[in-house]
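Given next are the chains, with one letter for each unit.
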Amino acid sequence: FIHSKSRAELEYLHNAAVAVDRQGRIAAVVKDRGSVGVARDEVLGQMGWRADEVDVVQCGEGQFFFPGFIDTHVHASQYPNVGIFGKSTLLDWLDKYTFPLESSLSDLAKATKVYTACVRRTLAHGTTTATYFATIDVPATNLLADLCLSIGQRAFVGRVCMDRKGFCPDYYRDESPEDSMRATRETIAHIDEIDPGYRLVSPILTPRFAPSCSKDVMNGLMKLQREKNFPVQTHISENKDEVELVKTIHPGPGSYAAVYDDHGLLTPETVLAHAVHLTEEEGNLISQRESKISHCPCSNSSLASGEARVRWMWDKGIDVGLGTDMSGGYSPSILEAARQATLMSRHLAMQIDDEECREKCKLTVEEALYLGTRGGAVCLGLGDEVGGFEVGKQLDAQLIGLGEVGEDGSRAGENSNDWVDAGNVDVFGWETWEEKIAKWLYNGDDRNTKKVWVKGRLVHSRR
Ligand code: GUN
Ligand code: FE
């Protein structure tokens, strides 16, 4: 078992065993025994369980369990468009690619196909928690919630609010602020019905972003937020033209962050995607309000939005998670987002003259994987629930397998009938665990993700 011990450090639980109860909670952990068998027997003894009463999942040689990934910002409705963005940037990308696709998902047959594929695909990449934007369509959004529940992915499902004439196209816009609020409440009521207590699926208030929302919608969502302390998700300061647009539409507050703050939307439950072009004052305000940031490096590179500064956010005390931002981002994988986060931090570092600051700016393998697991959990208020292997947490996990290279240099499985898809990761046998993890981060993909569990339930198995 490998998980983050802190932002800077991974913990390796060798010869370990974890007991998971019927509710999917971790009930006991032992580590550093003489062998896995000893650890397993000790856990069984602690629980008073007989080996033949329980399902035992044992990882193979070179395999390890890792916490499930947490995608803190992803548009399920945009999944068919991954990779399709040309040379566009945010505002023309929305008009050209995104709004037409999203509006077409009011066709429920199409929505079923897209949402099923999205949930299954992200699970196959090890994403056990996803924070989704759906569309403005209530039946299709409710369908996404149904699918997350039945397929078994932990999810926050947001019905998108966008009512501002002048920005939102006529063919894809809420008719009025009242319409936005009514539709938002309908999706909340639906989730209340299918998953009372929000054990797997939760609603999340979703003002798309300041340019698409009237003051009345933002104020209405603020009031609704206060009712049950609902989580909130939106976009902030992704693109320079967008920042200028917000200044002209909402000139009063003085900054993009202040627009949300003036409408009561900067709460500790708020996840702000992107945050590329924030000023010092905005960073301080977000920190003061304890709002969270979803860093979406694939998207920021694809749409040429800019480079968000994770170290700068951390230095301000802001909690940060990772988002794929499909389809602004081209990949459904949080492993890819983690990899891109390290590369983006190096591009930022290359712009810094001072050596100490330059080196500090670079994100490490450990930090990138923290962002994709525990960091995301904290952003979603799930810090005590998921993200690591501690007693009391729920078991959201993935089993990772890397490929052992044979004596003759053959890749894992190539010479064998027992074909093992090792993906792009070749392990020679002399690497340390730290090095194996680095190879996984930079070369791994869904072929290495052998099995995935959410709340102790097996939800994906790679054939
Ligand atoms: N800003 C407003 N809507 C969107 C969206 O769908 N994707 C991204 N990346 N930014 C947005
Ligand atoms: Fe987005």
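Read on for a plain summary of the structure. No experiment lies behind these values; they were computed from the predicted model shown.

Calculation criteria
Residues numbered from 1 in each chain as written. Chains lettered and ligands numbered in written order. Predicted model: local features only at pLDDT ≥ 70, side-chain atom pairs only at ≥ 80, totals over all residues. Heavy atoms only, no water. Pairing = 2+ DSSP bridges. Helix = DSSP H or I, 4+ residues; strand = E, 2+ residues; numbered from the N terminus. Axes fitted to C-alpha atoms, helices over the stretch in contact; angles between N-to-C directions. Buried < 20%, exposed > 50% of the residue type's maximum accessible area, 1.4 Å probe, protein only. Contact = heavy atoms within 4.5 Å. Donors = N, O, S within 2.8 Å, 3.2 Å for Na, K, Ca; no water. Tetrahedral: all angles 85-135°; square planar, octahedral: opposite > 155°, others 65-115°. Near = heavy atom within 4 Å. Polar contact = N/O pair within 3.5 Å; in protein donor to acceptor, adjacent residues only side chain to side chain. Areas by Shrake-Rupley, 256 points an atom, 1.4 Å probe, with all protein chains shown as cover. Patch = residues over 30% accessible without salt bridge, like charges linked within 9 Å, V, L, I, M, F, W, Y side chains within 5 Å. Salt bridge = Lys/Arg side-chain N within 4 Å of Asp/Glu carboxyl O. Lys, Arg positive; Asp, Glu negative; His and termini not counted. Charge placed at Lys NZ, Arg CZ, Asp CG, Glu CD.

### Considerations on the sheet that holds strand S8 (residues 154–158)
One open sheet holds the four strands; their spatial order is S6-S7-S8-S10, and the pairing between them is parallel. If you trace the sheet from one side to the other, it starts and ends with strand S6 (69–75) and strand S10 (201–203), each paired once. When strand polarity is set aside, the average angle formed by the axes of neighbouring strands in this sheet is 15°. Pairing of S8 with S10 involves three bridges; the strand directions are parallel. Within S10, the residue paired with Ala-155 across the bridge is Val-201.

### Observations concerning the side chain of His-250
Positionally, His-250 belongs in the loop between helix H7 (240–249) and helix H8 (256–262). Residue classification places His-250 among the buried residues on the basis of a relative accessible area of 8%. When residues no more than four places from it in sequence are discounted, the contact partners of His-250 are Ala-210, Cys-213, Met-218 and Val-259.

### With respect to the coordination of the iron ion (ligand 2)
Around the iron ion (ligand 2), the protein supplies His-73 (NE2), His-75 (NE2), His-235 (NE2) and Asp-325 (OD) as donor atoms, at distances of 2.0 to 2.2 Å. Each of the four donor atoms around the iron ion (ligand 2) contributes to a set of angles spanning 91 to 170°, which defines the coordination as irregular. Between the donor residues of the iron ion (ligand 2), the gaps in sequence give the motif H-x1-H-x159-H-x89-D. Of this pair, His-235 sits in strand S12 (residues 232–236) while Asp-325 sits in the loop between strand S15 (320–322) and helix H12 (334–349); the two residues are 90 residues apart in sequence, bridging distant segments of the chain. By relative accessible area, which is 2% here, Asp-325 ends up buried.

### A closer look at the site of ligand 1
Lining the immediate surroundings of ligand 1 are His-75, Gln-78, Leu-90, Trp-93, Leu-94, Arg-208, Phe-209, His-235, Glu-238, His-274 and Asp-325. Side-chain polar atom of His-235 to a nitrogen atom of ligand 1: 3.4 Å apart, as the coordinates give it. Measuring from a nitrogen atom of ligand 1, one finds a side-chain N or O atom of His-274 at 3.4 Å. Contact with the protein chains covers 100% of the free accessible surface of ligand 1, which is 280 Å².

### Side note on a negative patch on the surface
A grouping of Asp-353, Asp-354, Glu-355 and Glu-356 is seen on the molecular surface, where their side chains present a negatively charged patch. Take Glu-356: it is sitting in helix H13 (residues 355–361). Using a relative accessible area of 67% as the deciding quantity, one classes Glu-356 as exposed.

### Brief notes about the pairing of strand S4 (residues 26–30)
Pairing between strand S3 (residues 17–20) and S4: four bridges, direction antiparallel. Residue pairing in the sheet places Ala-17 in a bridge with Val-30 of S4. Turn length for the S3-S4 hairpin, with the two strands adjacent in sequence and antiparallel, is five residues, and the turn residue Gly-24 shows positive phi of about 85°.

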